Structures are given as structure tokens and as C-alpha cells.
Amino acid sequence: MKNKLAVLGLLVAAVSVPALAEKADRDKPIEISADNGTLDQAKGVTVWEGNVIVTQGTLKISADRVVVTRDPQGNQTLQATGKRVNFRQKTDNKDEWIEGQGSRLDYNSVSHQAVLTGAARIKRGEDLVAGEVINYNTETEMYQVSGGAPGTAGKGRVTVILQPKSSDGQKKP
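Below, the structure is looked at part by part. (Residues numbered from 1 in each chain as written. Predicted model: local features only at pLDDT ≥ 70, side-chain atom pairs only at ≥ 80, totals over all residues. Heavy atoms only, no water.)

## Quick word on the overall build of the chain
Let me state the cut-off plainly: Comment: elements are numbered from the N terminus, with helices defined as DSSP H or I runs of at least four residues and strands as E runs of at least two. Per-residue accessibility, obtained with a 1.4 Å probe over protein chains only, is compared with the maximum for each type, and a residue is labelled buried under 20%, exposed over 50%, and partly exposed between these values. Contact criterion: two residues are considered in contact whenever any of their non-hydrogen atoms come within 4.5 Å of each other.
Across its full length, the chain holds one helix and 10 strands. When the elements of the chain are put in sequence order from the N terminus, they spell out α-β-β-β-β-β-β-β-β-β-β. Looking at the chain residue by residue over its 173 residues, the buried ones come to 38%. A separation threshold of at least 6 residues defines the contact pool for the chain, and within that pool the share at least 24 residues apart is 41%.

As C-alpha cells, then:
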């Protein structure tokens, strides 16, 4: 039981990746299912492998492998990898969802950076951002999108699709 609580404690802050999403999710219990998992308390590392599904409130992350690390100061990182890493979460105070895909998702609780790589795409409502790498700051809500993989000098293209808004600031149907 103590190990289960320690594992959940490691994930609490790291799981709520997009800050603009449902803030109430942070106070919800975390459920993790996987084919297997390990915890190294001395190193502060938990590893979940095989059809990993992490849910907390409206947030759902699915991946082949999820690694969460915590340093002695309590700083946490989450790394989700797989053929396809998916996440989905309801936005705060709106009837809208954020959905993302890539081959890897990295989140750092200190820098508030969520980095989605490998044919990355994030959809919010009907708006879409796609590229090889999407770097998102969960505090400032600022995106940076690259068409090329790291180290390729930005070769490649990015795509952004924004839906038009009406004169009252609402998105058109």
C-alpha cells in the first residue's frame, strides 16, 4: 500500500500536462493501468509498460511506456513513449477538448514545458497545430512548433488551422 501511495504521489503534479485544461482535474484521483510497473524509491523513478493508460479527471494519457522521475527537491518529469502517445483533456470553463498525439510526450514540472515530438499534433476544439515538435508552456500557454526533428535545422513544415470567429468573438459554426 505504501508503494502505491508513493507512486501516485510521484504522478500527481506531473500528470496534469496542459494547464489551460480542466484545473479541477488536479484534485481528482489518478488511475494507472498497465501490463506491468516498477518503482525505484531510492532513485525516485517509476516505470509503467505495456498499454499504459493514465487517467485523472478528464485527462487521459495512453502510451506504450510511461516513466516518471522525481528529484530530492520534488521536481518531476514525465516521459510517455510509444508508437503513438495520445492525450485528451477538457479545457477549463469551456465545452471544448484538447487532444494531442505524437511518438513522445515529455513534461517538466519546473520549466512547465510539455514537448510533443514525432509527427506531433494538438487539436483544441476545431483548431489544429501540427509539426514534428510542439513545445508548449503550460504557464504562459505559448506554443512553439517546428517542422523538423531536433538537430535537423528546422527542415520540414508546420500546419496551423484556426477557425474563424464571428464579430462577437465566438467561433463560427
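Picking up after the structure, the text goes on.
## A look at the side chain of aspartate 127
Applicable threshold: The term polar contact refers here to a pair of N or O atoms within 3.5 Å; inside protein, the definition further demands a hydrogen-donor-capable atom paired with an acceptor-capable atom, and it admits residues adjacent in sequence only when both atoms are side-chain atoms.
By the secondary structure assignment, aspartate 127 is in strand β8 (residues 127-137). Since its relative accessible area comes to 16%, aspartate 127 is described here as buried. At 2.8 Å, the side chain of aspartate 127 forms a polar contact with the backbone nitrogen of glutamine 163.

## Some words on the packing of aromatic side chains
The line we're drawing: By convention, a stacked pair of Phe, Tyr or Trp rings (six-membered ring in the case of Trp) has centres within 6.5 Å and planes under 30 degrees apart, an edge-to-face pair has planes over 60 apart, and any other such pair is tilted. Sitting over a ring, as applied to charges here, requires NZ of Lys or CZ of Arg to be within 6 Å of the ring centre and within 35 degrees of the ring normal.
Counting across every chain of the model gives one aromatic pair. Measuring from centroid to centroid gives 4.6 Å for tyrosine 136 and tyrosine 143, while their planes differ by 40 degrees, and the two rings are tilted. Note that arginine 88 overlies the ring of tryptophan 97, its terminal NZ or CZ placed 3.8 Å from the centroid.

## Considering the nonpolar core
Let me state the cut-off plainly: Grouping buried Ala, Val, Leu, Ile, Met, Phe, Trp, Tyr and Cys residues that are joined through side-chain atoms within 4.5 Å yields what is termed a nonpolar core.
Core analysis: the biggest nonpolar cluster contains 22 residues, and Val66, Leu78, Ala80, Phe87 and Leu105 have the highest contact counts within it. Elements with a minimum of two residues in this core: β3 (45-56), β4 (59-70), β5 (76-90), β6 (97-108), β7 (113-124) and β8. A total of five residues in this core trace back to one element, the largest contributor, which is β4.

## So, unusual backbone geometry
Notably, histidine 112 is not glycine yet its phi reads approximately 60 degrees, a positive angle. As for its position among the elements, histidine 112 is in the loop between β6 and β7. A positive phi is found at alanine 119, a non-glycine position, where the angle reads about 50 degrees. Residue placement: alanine 119 occurs in strand β7.

## Structural notes on the pattern of salt bridges
Note the threshold: The salt bridge criterion pairs a side-chain nitrogen of Lys or Arg with a carboxyl oxygen of Asp or Glu, the two atoms within 4 Å.
Taken as a whole and judged by the stated rule, the model has four salt bridges. Salt-bridge contacts for arginine 124 lead to glutamate 96; the nearest nitrogen and oxygen are separated by 3.3 Å. Of this pair, arginine 124 sits in strand β7 while glutamate 96 sits in the loop between β5 and β6; the two residues are 28 residues apart in sequence, bridging distant segments of the chain.

## Examining the environment of isoleucine 98
Counting through the fold element by element, isoleucine 98 comes out in strand β6. For isoleucine 98 and arginine 88, which are 10 residues apart along the polypeptide, the C-alpha to C-alpha distance reads 5.6 Å.

## Looking at the environment of leucine 105
Locating leucine 105 in the fold gives a position in strand β6. With relative accessibility at 2%, the residue leucine 105 sits in the buried group. With 30 residues separating them along the chain, leucine 105 and asparagine 135 place their C-alpha atoms 9.9 Å apart.

## Observations regarding the pairing of β5
Selection rule: If DSSP finds at least two bridges between two strands, the strands pair.
Alignment of β4 against β5, held across nine bridges, turns out to be antiparallel. From the neighbouring strand, valine 66 faces β5, where its bridge partner is alanine 80. Strand direction decides the pairing type here: β5 and β6, joined by 11 bridges, are antiparallel. If you follow phenylalanine 87 over to β6, its bridge partner there is glycine 100. Two successive antiparallel strands, β5 and β6, enclose a turn made up of six residues, where asparagine 93 displays a positive phi of approximately 60 degrees.

## So, the pairing of β7
Here β6 pairs with β7 via nine bridges, running antiparallel. Within β7, the position partnered with arginine 104 by the bridge is threonine 117. Between the antiparallel neighbours β6 and β7 lie four residues, among them histidine 112 with a positive phi of about 60 degrees. The pairing of β7 with β8 spans 10 bridges and is antiparallel. Each bridged residue has a counterpart across the sheet, and for arginine 121 the counterpart in β8 is alanine 130.

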